[in-house]
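# Fold and contact review
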Amino acid sequence: MGSSILPDLGAEILIPVCAVIGIVFSLAQWLLVSNVKLSPGSPGNNGAGGKNGYSDYLIEEEEGLNDHNVVIKCAEIQTAISEGATSFLFTEYQYVGIFMVAFAILIFLFLGSVEGFSTKSQPCTYDKSKMCKPALATAIFSTVSFLLGAVTSVVSGFLGMKIATYANARTTLEARKGVGKAFITAFRSGAVMGFLLAANGLLVLYIAINLFKLYYGDDWGGLFEAITGYGLGGSSMALFGRVGGGIYTKAADVGADLVGKVERNIPEDDPRNPAVIADNVGDNVGDIAGMGSDLFGSYAESSCAALVVASISSFGINHELTPMLYPLIISSVGIIVCLITTLFATDFFEIKAVKEIEPSLKRQLIISTVLMTIGIGIVSWVALPSSFTIFNFGDQKAVKNWQLFLCVAVGLWAGLIIGFVTEYYTSNAYSPVQDVADSCRTGAATNVIFGLALGYKSCIIPIFAIAMSIFVSFSFAAMYGIAVAALGMLSTIATGLAIDAYGPISDNAGGIAEMAGMSHRIRERTDALDAAGNTTAAIGKGFAIGSAALVSLALFGAFVSRAAISTVDVLTPKVFIGLLVGAMLPYWFSAMTMKSVGSAALKMVEEVRRQFNTIPGLMEGTAKPDYATCVKISTDASIKEMIPPGALVMLTPLIVGIFFGVETLSGVLAGSLVSGVQIAISASNTGGAWDNAKKYIEVSMI
């Protein structure tokens, strides 16, 4: 079999060092963003000069940019957005905290009762000749790791939101100097979130493994089975963060646009509109905090799935630490690759025109993928033996290190393909979105038809990319190959999150420019940033969906192995019924969330109409709207409405497994996986296309 070139000590040093480098780099980016002052001061107080410096304060007087009132207004608006977002997240986390504790207790009871809460050593699941730690220990440590993953997910989302609300007004102010300065500020802010999340997730998981190892010792199977709770905790919190944040942002968005733009014919983000603050808050709690938690959940689950399968393969059996930590080493190298890639956007190349924004973001994806391919090749060579065995449904499958390299690489490149296809279908630079915009000439009906058709068509290539990566990775390394393919897709998560967070930050910057009364030229620049941001947000969702599909399949494989199901026979009535019900679940979930958005939006529309009709001087701009009431409506509605969809997802496997058995549950899981991927891709791309079609029409009309 041989051994790895990289010694165990080298692996144990490499992982935390890379994580710390990621954290330090994110703090350095934050310091650069903080150089943009949100308080009026003399031109000379804005920091040192340089290529992307802040000393070139030569701005045209006709823009009104030296007016200190504009800066003060931007600061006030940013504070209102930040307070609204913080208030919502704290309210959400109170409810989610109750669920987290309740579900942790449930995990403990279910796992502990397997052997009657026995404190005696038990025969190992995969090798009955050896004795492993008691079931009660697995229950306790799994519960702890679940709580650890949940807390890390919550912190990741909260930090991302705080960074975004800190940066949005600063992006607006930098837009006065040119689109390049605004782009750098927005992208650096996104990088802060990306690197903090990637580095924190890696570091916490690494520390948890080492702490758990103090108790488990040589029982690596038990150790890494207990660690799986980390991924479950991250995904559980991501579910509520995504649903709650999504309901909030869409309710505010619909309420603000329907009454403000359609009925009252005032510009988007006009300060007279009572729902504009809630709309801007929603961008942060939905697209920043929600997406951060979502991608963290996928990352944690793919890492845990790979570690569990590896623990019952030759790595775990022979106690080879460096190969065992191969998934974490990939993530470590990914942080360094993303760090180098980020410098191409912020330091090596400077944006000077609007048309350079999207190519710059696209270049981030290409550079990170190429560099990461080289990184994966090096890691596979030094961290893996030349040949080893991987657990494959009861057997040990012989695998070469170059085959595992191909598994990770195919996932990485499948992610890039999904990203480019998503960009093609959601960017207004290409014909699909332009066709959707053109269809508006004949009314809303044709617009809806074209938009839905675009979403359905956009599924084709991503599904083939996912299918190909599954075929290649499973052929080479069974379920472990699929898990590391998902990890490959997420290996550049820091860059992916930076690109994704950039979008809502730019969107908020445009809203602040409008509300602060800045010139039309400034708004044009922020709109250009925002249009690119809509596309990058869709790309981020594409990565999340693709990786989630691979991770779900890897976890499904772990489930059928653990449940001792050798085959899932779709001709068995129990399984086929499960498939049908499982395929229906994403539609049920979507119906619940869409109705929730509709209910919340209805309340928002009524409140905005009430204020326009009852507050004297509001339309004339002499009276100030009641922003706080609209923020409260979105908060209350989203908190109330997020619980039923979340409960559907979390309770379905428990109910089906208890009352109908593991065979039916396997069908439900398979059906929901296949159906959910299609709905997620089509809905995400349709939404992005509609948003950018609107932007395309607005630009064409000018």
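Treat the numbers as computed from the prediction; the structure is a model and nothing was measured.

Parameters and conventions
Residues numbered from 1 in each chain as written. Predicted model: local features only at pLDDT ≥ 70, side-chain atom pairs only at ≥ 80, totals over all residues. Heavy atoms only, no water. Helix = DSSP H or I, 4+ residues; strand = E, 2+ residues; numbered from the N terminus. Rg over C-alpha atoms; globule rule 2.2 N^0.38 Å. Buried < 20%, exposed > 50% of the residue type's maximum accessible area, 1.4 Å probe, protein only. Core = buried A, V, L, I, M, F, W, Y, C linked by side-chain atoms within 4.5 Å. Contact = heavy atoms within 4.5 Å. Salt bridge = Lys/Arg side-chain N within 4 Å of Asp/Glu carboxyl O. Axes fitted to C-alpha atoms, helices over the stretch in contact; angles between N-to-C directions. Left-handed = near helix turned anticlockwise from the far one by under 90°. Nonpolar A, V, L, I, M, F, W, Y, C, P; charged D, E, K, R; others polar. 1 Å grid on protein atoms, 1.4 Å probe; cavity = no way out; pocket = protein on both sides within 12 Å on 5 of 7 lines; lining within 4 Å. Points joined across faces, edges and corners; volume = space filled by probe spheres on them. Polar contact = N/O pair within 3.5 Å; in protein donor to acceptor, adjacent residues only side chain to side chain. Parallel < 35°, antiparallel > 145°, perpendicular 65-115°, else oblique. Pairing = 2+ DSSP bridges. Patch = residues over 30% accessible without salt bridge, like charges linked within 9 Å, V, L, I, M, F, W, Y side chains within 5 Å. Areas by Shrake-Rupley, 256 points an atom, 1.4 Å probe, with all protein chains shown as cover. Expected span 1.5 Å × (residues − 1). Bend = angle between axes of the 7 residues up to and from the residue. Phe/Tyr/Trp six-rings, centres within 6.5 Å; stacked < 30°, edge-to-face > 60°. Lys NZ or Arg CZ within 6 Å of the ring centre and 35° of its normal. pLDDT = per-residue confidence, 0-100.

A few words on the overall build of the protein. A count of helices and strands for the protein gives 19 helices and four strands. Against the 2.2 N^0.38 benchmark of 27 Å for 702 residues, the protein shows a C-alpha radius of gyration of 25 Å, consistent with a compact globule. Principal-axis analysis of the C-alpha atoms places the extent of the protein at approximately 80 × 55 × 45 Å. Looking at the protein residue by residue over its 702 residues, the buried ones come to 58%.

Turning to the environment of P616, a few remarks are in order. Here P616 shows up in the loop between α17 (573-614) and α18 (627-641). Sequence separation of P616 and A689 is 73 residues, and the distance between their C-alpha atoms is 38 Å.

For the rest of this paragraph, the subject is the nonpolar core. Formed by 193 residues in total, the largest nonpolar core has its most connected members in F183, I277, Y326, I357, L404 and Y480. Residue contributions to this core peak at 22 residues, all from helix α4 (residues 179-216). Discounting chain neighbours no more than four positions away, the residues touching Y326 are I376, V379, S380, A383, L384, L404, F405, V408, Y480 and V484. Formed by eight residues, the second largest nonpolar core is a distinct cluster that contains V421, V433, V436 and L454.

Two side chains with opposite charge may pair up if their charged atoms get near one another. Considering all chains together, one arrives at 13 salt bridges under this definition. Of the charged contacts, one joins R242 and D294 as a salt bridge, the two residues approaching to 3.5 Å between their closest N and O atoms. Taken together, the positions of R242 in helix α5 (residues 220-263) and D294 in helix α6 (residues 276-311) put the pair 52 residues apart, joining distant regions of the chain. Under the relative-accessibility criterion, R242 is labelled partly exposed at 22%. Judged by its relative accessible area of 21%, D294 falls in the partly exposed class. Note that E607 and R610 form a salt bridge whose closest N and O atoms lie 2.8 Å from each other. Note that E607 and R610 are positioned in helix α17 at a spacing of three residues, about one turn of the helix.

With that settled, consider the packing of α5 against α18. Taken N-terminus to C-terminus, the directions of α5 and α18 make an angle of 140 degrees; their axes are 8 Å apart at the nearest point. The element α5 and its partner α18 pack so that their crossing is right-handed. Residues G244, I247, Y248, A251 and A252 of α5 form the contact with α18, whose own contacting residues are V631, S634, T635, S638 and E641. In the contact of α5 with α18, the residues fall into five nonpolar, four polar and one charged.

Here the second largest pocket is characterised by a volume of approximately 890 Å³. In terms of lining, the second largest pocket is formed by 30 residues, of which the most central are E524, D527, A528, K695 and V699. If you list the elements that add at least two residues to the lining of the second largest pocket, you get α10 (357-383), α16 (520-562) and α19 (643-701). At nine residues, the largest contribution of residues to the lining of the second largest pocket is made by α16. Looking at the lining of the second largest pocket, its residues break down into 13 nonpolar, three polar and 14 charged.

In this section: the side chain of S439. Turning to its location among the elements, S439 is positioned in helix α12 (residues 431-439). In this structure the side chain of S439 is engaged in a polar contact, spanning 2.5 Å, whose partner is the backbone oxygen of V436. Setting aside its immediate chain neighbours within four residues, S439 contacts T446, N447 and F450.

Our next topic: the packing of helix α2 (residues 68-112) against helix α15 (residues 493-515). Between α2 and α15, the shortest axis-to-axis distance is 9 Å and the interhelical angle comes to 130 degrees. With respect to each other, α2 and α15 are oriented oblique. For the crossing formed where α2 meets α15, the hand is right-handed. When α2 is examined against α15, the residues K73, C74, I77 and I81 are found in contact with a partner set consisting of N508, I512 and M515.

Glancing now at the pairing of strand β4 (residues 395-400). In this sheet, β4 lies alongside strand β3 (residues 387-392) in antiparallel orientation, the contact comprising six bridges. Residue F391 lies in a different strand from β4, and its bridge partner there is Q396. Taken together, β3 and the strand that follows it, β4, pair antiparallel across an intervening segment of two residues, in which F393 is found at a positive phi of about 50 degrees.

A surface patch of nonpolar side chains, amounting to about 970 Å² of accessible area, comprises V101, I105, L109, F110, F117, L651, I655, I658, F659 and F660. Within the residue set of the nonpolar patch, elements represented by two or more residues are α2 and α19. Considering the arrangement of structural elements, one finds F660 in helix α19.

In an α-helix, one turn spans 3.6 residues, which is why side chains three or four residues apart end up on the same side. For helix α3 (residues 135-174), built from 40 residues, the straight-helix expectation of 58 Å at 1.5 Å per residue is met to within 8% by its first-to-last C-alpha distance of 58 Å. For α3, the principal kink sits at A167 and spans about 30 degrees. Here α3 lies mainly inside the structure; 30 of its 40 residues are buried.

Take the packing of aromatic side chains next. Here the structure, examined in full by the defined rule, presents 22 aromatic pairs. Taking 5.8 Å as the distance between ring centres and 80 degrees as the angle between the ring planes, the aromatic pair formed by Y230 and F296 counts as edge-to-face. Placement of Y230 in helix α5 and of F296 in helix α6 is noted, with a sequence separation of 66 residues between them. When sorted by exposure, Y230 lands in the same class as F296, which is buried. Of the aromatic side chains, those joined through ring pairs into one cluster are F99, F103, F146 and F240. Sitting over the ring of Y166, R170 keeps its end group 3.8 Å from the ring centre. Sitting over the ring of F349, R363 keeps its end group 4.7 Å from the ring centre.

Looking at the element boundaries, S506 is found in helix α15. C-alpha separation for the pair S506 and A532, spaced 26 residues apart in sequence, amounts to 9.0 Å. Apart from the residues lying within four places of it in its own chain, the contact partners of S506 are A186, T526, L529 and D530. Here Y502 takes part through its backbone oxygen, which lies 2.9 Å from a polar atom of the side chain of S506.

Here we take up empty space enclosed by the protein. Summed over all chains, the structure comprises seven cavities of 30 Å³ or more. In this model, the largest cavity occupies a volume close to 140 Å³. Surrounding the largest cavity, 18 residues form its lining, M489, T492, I493, G496 and F543 being those nearest its centre. Within the residue set of the lining of the largest cavity, elements represented by two or more residues are α10, α11 (401-426), α15 and α16.

Once that is clear, we can look at the confidence of the model for the protein. Looking at the protein, the pLDDT average stands at 86 and 94% of residues meet or exceed 70. The secondary structure element of the protein with the lowest average pLDDT is strand β1 (residues 122-123), at 72, and the one with the highest is helix α13 (residues 444-457), at 95. The low-confidence segment residues 42-65, where pLDDT is below 50, has 47 contacts with residues more than four positions distant or belonging to other chains.

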